[in-house]
Amino acid sequence: MPKAKRSVTKASPKAKPDTNNRFYILFGIALVVIILDQLTKLWALSALQNPMPVIGNFLSFVLVKNTGAGFGLFKGTNTLMIYLSLMVIGLILYYHDRIPDKTSVHASVALILGGGIANLVDRVRLGHVIDFIDVSFWPTFNAADTAITLGVIGFLVFSWKE
C-alpha cells in the first residue's frame, strides 16, 4: 500500500500591511493632483489676460506669478523654494513606508506630495508658480496650494485621531 502524503503547512508570519495599496494611494492621488493642477494652470495662462469675475467681488480668476511661498510670503525666493520643495518631497518619499497604515493619512500625504511636485514643476519650468484663484479675503492660490492645505489639515486631523 502506498504511503499517504502528509501536507505540511508552514506557520505564516504576521501579515504585513499591503504595501501595494500604500503605493497606489500615495502616487495615484499625487498624480491626479499634479495633472489637475497643471491643466488648470495651462488654462489660466491661456484664458486670463484680464481678471475674470466668477462670483461678484467675492471670487475671481486673476493670473499671478508667485516667486515666493504660499500666501504671497517671501517674494523673490524661488531658488530657496525649489530646495525646500525638494527636501519636503524627499522626506515624504523616504518616510512613506512609515506613515500610519490608515488610508486617510496616506491620502493626506499624497495631497501634500502632489501639490508640492506640481508647484515645483512651475518653479523649475517657469521660474515662478502660477496662482489664479482669487477669493476677496485671501491671497491668490492654485489647485496645488489647495491640495497641500487640505493634505496638511487631513494629516493633522487623521494622525491625531490615532
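Residues numbered from 1 in each chain as written. Predicted model: local features only at pLDDT ≥ 70, side-chain atom pairs only at ≥ 80, totals over all residues. Heavy atoms only, no water.

Caption draft 1: Up close: the packing of aromatic side chains. For the structure on display, the rule yields 8 aromatic pairs. On the numbers, 4.8 Å between centres and 90° between planes, the contact of Tyr94 with Tyr95 is edge-to-face. Taking the relative accessible area as the measure of exposure, Tyr95 reaches 40% and is therefore partly exposed. What links up through ring pairs into an aromatic cluster is the set Phe23, Tyr24 and Phe27. (Phe/Tyr/Trp six-rings, centres within 6.5 Å; stacked < 30°, edge-to-face > 60°. Buried < 20%, exposed > 50% of the residue type's maximum accessible area, 1.4 Å probe, protein only.)

Caption draft 2: Examining the environment of Asp122 more closely. Relative to the assigned elements, Asp122 resides in helix 3 (residues 103-126). Residues Asp122 and Gln38, spaced 84 residues apart in sequence, show a C-alpha to C-alpha distance of 8.5 Å. Look past the residues within four positions of Asp122 in its chain and what remains in contact with it is Gln38, Lys41, Gly127, His128, Val129 and Ile130. One polar contact links the side chain of Asp122 to the main-chain amide nitrogen of Ile130, over a distance of 3.1 Å. (Helix = DSSP H or I, 4+ residues; strand = E, 2+ residues; numbered from the N terminus. Contact = heavy atoms within 4.5 Å. Polar contact = N/O pair within 3.5 Å; in protein donor to acceptor, adjacent residues only side chain to side chain.)

Caption draft 3: Focus on the nonpolar core. The biggest cluster of nonpolar side chains holds 12 residues, and these are Leu26, Ala30, Ile82, Ile89, Ile92, Ile99, Val105, Val109, Ala110, Ile112, Leu113 and Leu120. Only helix 1 (19-47), helix 2 (78-95) and helix 3 provide two or more residues apiece to this core. Counting residues in hydrophobic clusters, the runner-up holds 9 residues, among them Ala44, Leu48, Leu59 and Phe132. (Core = buried A, V, L, I, M, F, W, Y, C linked by side-chain atoms within 4.5 Å.)

Spatial relationships are all this shows, so hold off on functional conclusions.
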